[in-house]
Amino acid sequence: MGGNQSQPNATAIIGTGKGGPLDTSAGTIASRGISFTYDHAAEPALRDITLTVPAGECIVLCGASGCGKTSYTRVANGLIPSFFHGAFAGNQTTCGLDVETVPIDRLTPLVGSVFQNPKTQYFNANVTDELAFPAENIGLPAEDINRRITAVAERFGIGHLLHRSIFHLSGGQKQRIAVAAATMLGPRVVVLDEPTSNLDANAIADMRAMIEQMKDEGLTIVIAEHRLAWLNGVADRYVVFDGGHIVQDYEADEFLSLSPGCVAAMGLRALDLQPYRHRIATLASSPAADGTHNLTIGYKGKDGFTRAIPDLRFRAGEITGLMGNNGCGKTTLVRTLTGLIKPVSGRIELNGVPAKPRDLTRAGFLVMQDVNYQLFSDSVREELLIGLDETDAGITAQANQVMADLDLAAFAERHPMSLSGGQKQRVAIGSALMCGKDLIIFDEPTSGLDRYHMEQVGELLRQLASQGKAILVVTHDEELAAGWCDRIVNLGADDSGNNGSHVSNPDASSPSPNASTNFATTSTHERNAQ
């Protein structure tokens, strides 16, 4: 049975209660009796946290969304209480510095941070400038800055992204740049909040290699994470949070020996993805149900690209998963399908009729990868009622039910931007449920979600499909794809090594072939052939 705070591992906890000296050695994170309540918050985010991360150790913070993981990373890197204000109690040292008394700029060179949403830490529009910024900010000479950029780019395999616009990178590419920038000053501690939330399997493997390399170099690493399988063999300890408390503190061997049922009971993601990958392979290996013809998507400009896409038809009552490596064009495709950008060539049809971008916008609803772009109201309730008649009792009752289904009822009057990343995503999904459109597209809907809420999203996708909606889910989440999708479209490399695409359909779980086709992309070639 795993240890907890009342029965701590002697190497993990320094002191008991409020007594005993803190470990202030370089590279060490030491917390004793830490409690914190954000300004204007009704409940504490952290409650009596006592924890030490020795120098050179890799520790994983896990638990349900909103359990306190992110708040603890902010304590570790000094953003609490220097930047995030509220009622702070306890003693915290990071790299030997007291975070309550030391200026934040003393911690900056010692602690590299990667936030849950990497866009919140960008200062430049160009990748190279972004990497240079931390070093420029502390006045390093140009020669040293250039040397560091070259070394970091080689270390993390991002040389091909140098000089590109950050705005034209995929979500996963942006995350990799954020990690690289966090190491530019050679910190002793690196703190990462959900570093793989937008990454594909290949990029996660690269992230694992980054973590292993930093660990080999003696850095202390703190990772707040829902996706746990990629950390097997890398993490030294797993600390489980719940309600702002530490409820379990496991050594890696002990944690990895837990049964899948025990892991699920704690609300944690799977530790072994092989069963899910086998299911995805099954979905992606059956004969295609539809013919494929090229539709070309993309955008112009210095960093522009074009991509040929097969003909896609989305059936009512079916959940289609769209997978593929970061940067292969998934997000550009869904923006094209919803009329946000025009196709380079070919046509998109609605029920057999050629559609203009405005027609596509009216017909479909897109839940964006970064939901901060589509949260506009002052409360969760108002967000769900945008564009609807708030005086209609049926509509307000539907909104109340959606909030209850998504565990948002307690936050009905909260400002959406004050919620956690996972809670914000559920608000956006709630808006999709309220819109009543026939095609609903989700761009990474489970990014940043714990197991319970991931499964909840899957149930809601199935509920939408059962109501006759056509659902397209862009995802890297293998657990979601294996458990809930009827079909997988893989925008990956084909057998010849080209950047091709294929569409596949399972034998058993698809709706009847007679199900209506609500939405189709059709190329000029196909129209002429007809």
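How each quantity is defined
- Residues numbered from 1 in each chain as written.
- Predicted model: local features only at pLDDT ≥ 70, side-chain atom pairs only at ≥ 80, totals over all residues.
- Heavy atoms only, no water.
- Phe/Tyr/Trp six-rings, centres within 6.5 Å; stacked < 30°, edge-to-face > 60°.
- Helix = DSSP H or I, 4+ residues; strand = E, 2+ residues; numbered from the N terminus.
- Buried < 20%, exposed > 50% of the residue type's maximum accessible area, 1.4 Å probe, protein only.
- Lys NZ or Arg CZ within 6 Å of the ring centre and 35° of its normal.
- Pairing = 2+ DSSP bridges.
- Patch = residues over 30% accessible without salt bridge, like charges linked within 9 Å, V, L, I, M, F, W, Y side chains within 5 Å.
- Areas by Shrake-Rupley, 256 points an atom, 1.4 Å probe, with all protein chains shown as cover.
- Salt bridge = Lys/Arg side-chain N within 4 Å of Asp/Glu carboxyl O.
- Lys, Arg positive; Asp, Glu negative; His and termini not counted.
- Charge placed at Lys NZ, Arg CZ, Asp CG, Glu CD.

**Q** Hey, could you run me through the packing of aromatic side chains in this one?
**A** Across all of its chains, the model carries 9 aromatic pairs by this definition. Geometrically, the ring pair formed by Tyr238 and Phe255 is stacked, given 4.1 Å between the ring centres and 15° between the ring planes. Here Tyr238, found in strand 9 (residues 237-242), pairs with Phe255, found in helix 8 (residues 252-256); they are 17 residues apart in sequence, far enough to count as distant. Each member of the pair Tyr238 and Phe255 is classed as buried. Taken together, the ring pairs in this structure connect Phe36, Tyr38, Phe83, Phe84 and Phe88 into an aromatic cluster. Sitting over the ring of Phe84, Arg74 keeps its end group 4.0 Å from the ring centre.

**Q** Explain the pairing of strand 18 (residues 439-443) to me, please; I cannot follow it from the model alone.
**A** Note on strand geometry: in a regular strand, side chains alternate between the two faces of the sheet. Counting buried positions along strand 18 yields 5 of 5 residues, so the element is predominantly enclosed. Residues Leu439, Ile441 and Asp443 point to one face of strand 18 and Ile440 and Phe442 to the other, with burial holding for every one of them. Bridging between strand 17 (residues 364-367) and strand 18 involves 4 bridges; their strand directions are parallel. Paired with Leu366 across the strands is Ile441, a residue of strand 18.

**Q** In this structure, what is going on with a negative patch on the surface? I would like to understand it.
**A** Among the surface-exposed residues, Asp378, Glu382, Asp389, Glu390 and Asp392 lie close enough to one another that they form a single negatively charged patch. Within the secondary structure, Asp392 is located in the loop between helix 13 (380-384) and helix 14 (393-405). Judged by relative accessible area, which is 33%, Asp392 ranks as partly exposed.

**Q** Help me understand the pattern of salt bridges in this model?
**A** Pairs can form between side chains of opposite charge once their charged atoms are near each other. All chains considered together, the criterion is met by 17 salt bridges. Here Arg269 and Asp477 are joined by a salt bridge, their closest N and O atoms 2.8 Å apart. Remark: Asp477 occurs in the loop between strand 19 (470-474) and helix 17 (478-484) and Arg269 occurs in the loop between helix 9 (260-265) and helix 10 (274-283); sequence separation between them is 208 residues. One network of salt bridges, with partners in common, ties together Glu57, Arg237 and Asp249.

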